[in-house]
Amino acid sequence: MRMLEHPDMKRLRALRFPSSRLLSTGTAQSEGDASKLPVLAPPAVGGWLLFSSALVFAVIVVGGVTRLTESGLSITEWRPITGIVPPLNDQDWNSEFEKYKATPEFKLINHSISLDEFKSIFYMEWGHRVLGRVIGVAFVLPLTYFAVRKKLTTSMPAKLTGMALLLGFQGVLGWYMVKSGLEDSIMDTPGAVPRVSQYRLAAHLGTAVLLYAGMLGTGLAAIKDWKYAHRDLWSGSNTASWQEVLSNPAVKRFTRHSRALTVLVILTALSGAFVAGLDAGLLYNEFPYMGGRIVPPMDELFSSAYARNADRSDVWWRNIFENPTTVQFDHRVLASFPFTTQRLISILTRRSAIRALLPPTARASIIAAFAMANVQVLLGLATLLYLVPVPVAAAHQAGSIALLSTMVHLLVALRRPGVAAQLWRNAGIGSKKYRS
């Protein structure tokens, strides 16, 4: 039975092995074939996606500062439309302040702050929310334009629509997170500290990280595909084709390791959200020891005090996610894996055999990733040793996204060109019509 073949692959095969009639018709035939080629996203699409990813990067950093300055619970309502406008007069400000006075955070911690001090934390949270709305508009409107004008490659509409839906979900998840810190039940729990759920905080950050990686990777791929279609080198390689490089077993293995390392970087960032959510960075402000030991006592790491089931069957996972000591220890361990792996990959790529196989863009990404991993370790140590100063801790969070950026760039550098880009390049349309 004959298997079905994607239409773009049929076109690609036809262009790789053109008939003698096609070769003899010259430029006019080639120009006629341009209309038969699949859509190739122009550089404007890639630029828009990179700009969107930069906005998401910014909102992640602003969100981190909002958490570090304990500003996130200052706005007690979620108004997606009218919330864009801040209080404009004394009456509005007093109204917002009265709402805040009813929260557990004010009653237990900030009961002595003035209206001017409240304005400071209010504007921090308000800026974070408004930036989120700006991202939504800056993403959805261009997406609609490019889709209507048919400027998106075949696989893009579904992928980008998914990102748009994830953006909307992110707003709902953000309010769901804030709401957890406004619940009156906090007042009934002895020793409780008003703060958002670390689970919801990690989910909120994780969604933003996925959005960032998706936008960045898709944008970089779109730009690289355009350049490749217009006769640019694949990932800067002028010694071997992408088919030869990507089919090599050593490169395949290296790519798998790079993907696993990218997942580790994301998991480490998410573990950092649990550290922030539980204020675990304020414990054991020393390194490499924790209370004079590399590993804290087991009865402290897995304390029965965190179990809620009568049979204590939940003691393991609750300590992993709810015990500040265990959460900090887990973050230390997780952070050591990407750093060590980055070091091993860096050493591996210095070997002549691997170095000769990898394209220049991939080698540059590896160097950047290892450099950023070193910076990130230093920022993490400074955050811990100096009791979580806001500027350093915010830089540490930004560093995790910067490290992820280098890994995404590495994976894109080891990606095969899209089918549309291959068709355009083989047809020779781009080199004739768009070469600068």
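Residues numbered from 1 in each chain as written. Predicted model: local features only at pLDDT ≥ 70, side-chain atom pairs only at ≥ 80, totals over all residues. Heavy atoms only, no water.

> How should I be thinking about the overall build of the protein in this particular structure?
Along the backbone of the protein there are 19 helices and zero strands. A total of 436 residues make up the protein; the buried ones form 45% of that total. Element-wise, carbon and sulfur atoms account for 63% of the exposed surface of the protein, whose accessible area totals about 22400 Å². (Helix = DSSP H or I, 4+ residues; strand = E, 2+ residues; numbered from the N terminus. Buried < 20%, exposed > 50% of the residue type's maximum accessible area, 1.4 Å probe, protein only. Areas by Shrake-Rupley, 256 points an atom, 1.4 Å probe, with all protein chains shown as cover.)

> Is there a simple way to think about the pattern of salt bridges in this case?
Any two side chains of opposite charge can pair if their charged atoms end up close together. Counting across every chain of the model gives 12 salt bridges. The closest approach of N and O atoms between glutamate 96 and lysine 99, which form a salt bridge, is 3.7 Å. Of this pair, glutamate 96 and lysine 99 both sit in helix α5 (residues 90-101), three residues apart, which is roughly one turn of the helix. On the basis of relative accessibility, which here comes to 8%, the residue glutamate 96 falls in the buried class. (Salt bridge = Lys/Arg side-chain N within 4 Å of Asp/Glu carboxyl O.)

> Help me out: how do you make sense of the nonpolar core in this one?
Here is a general trend for soluble globular proteins: nonpolar side chains tend to be buried in one another's company. In terms of nonpolar packing, the biggest core is built from 66 residues, with Val45, Trp48, Phe139, Leu160 and Leu404 touching the most fellow members. The element best represented in this core is helix α9 (residues 198-229), accounting for 12 residues. With residues up to four places along the chain from it excluded, the contact list for tryptophan 48 reads Ala138, Phe139, Pro142, Leu143, Phe146 and Leu160. (Core = buried A, V, L, I, M, F, W, Y, C linked by side-chain atoms within 4.5 Å. Contact = heavy atoms within 4.5 Å.)

> Quick question: what am I supposed to make of the side chain of threonine 255 here?
Inspection of the secondary structure puts threonine 255 in helix α11 (residues 249-277). On the basis of relative accessibility, which here comes to 10%, the residue threonine 255 falls in the buried class. Other than its neighbours up to four places away in sequence, threonine 255 contacts Leu411 and Leu414.

> I'm lost on α9 in this one. Help?
Given 3.6 residues per turn, any residue in an α-helix points the same way as the ones three and four places further on. With 32 residues, α9 should cover 46 Å at 1.5 Å per step; its first-to-last C-alpha distance of 46 Å lies within 8% of that length. Counting buried positions along α9 yields 25 of 32 residues, so the element is predominantly enclosed. At the N-terminal boundary of α9, the capping side chain belongs to serine 197, with an oxygen 3.2 Å from the backbone nitrogen of tyrosine 199. Arginine 231 occupies a position one or two residues after α9 and carries a positive phi of about 75 degrees. (Expected span 1.5 Å × (residues − 1). Polar contact = N/O pair within 3.5 Å; in protein donor to acceptor, adjacent residues only side chain to side chain.)

> Any chance you could explain helix α16 (residues 360-385) here in plain terms?
An ideal rise of 1.5 Å per residue puts 38 Å on 26 residues; α16 measures up with 38 Å between its terminal C-alpha atoms. Those residues of α16 that fall on the buried side of the exposure criterion are Thr361, Ala362, Ser365, Ile366, Ala369, Phe370, Met372, Ala373, Gln376, Leu379, Thr383 and Leu384. Just downstream of α16, leucine 387 is the residue with a positive phi angle, here 60 degrees.

> Help me understand the confidence of the model for the protein in this model?
Interpretation of this model should avoid reading the predicted coordinates in detail wherever pLDDT is low. Within the protein, residue pLDDT values average 89, and 89% of them lie at 70 or more. Between the elements of the protein, mean pLDDT differs from a low of 37, seen in helix α2 (residues 20-24), to a high of 98, seen in helix α4 (residues 43-68). Contacts for the low-pLDDT stretch residues 14-32, under 50 throughout, to residues beyond four places or in other chains number 15 contacts. For the stretch residues 432-436, pLDDT sits under 50, and the model shows eight contacts to residues farther than four places along the chain or on other chains. (pLDDT = per-residue confidence, 0-100.)

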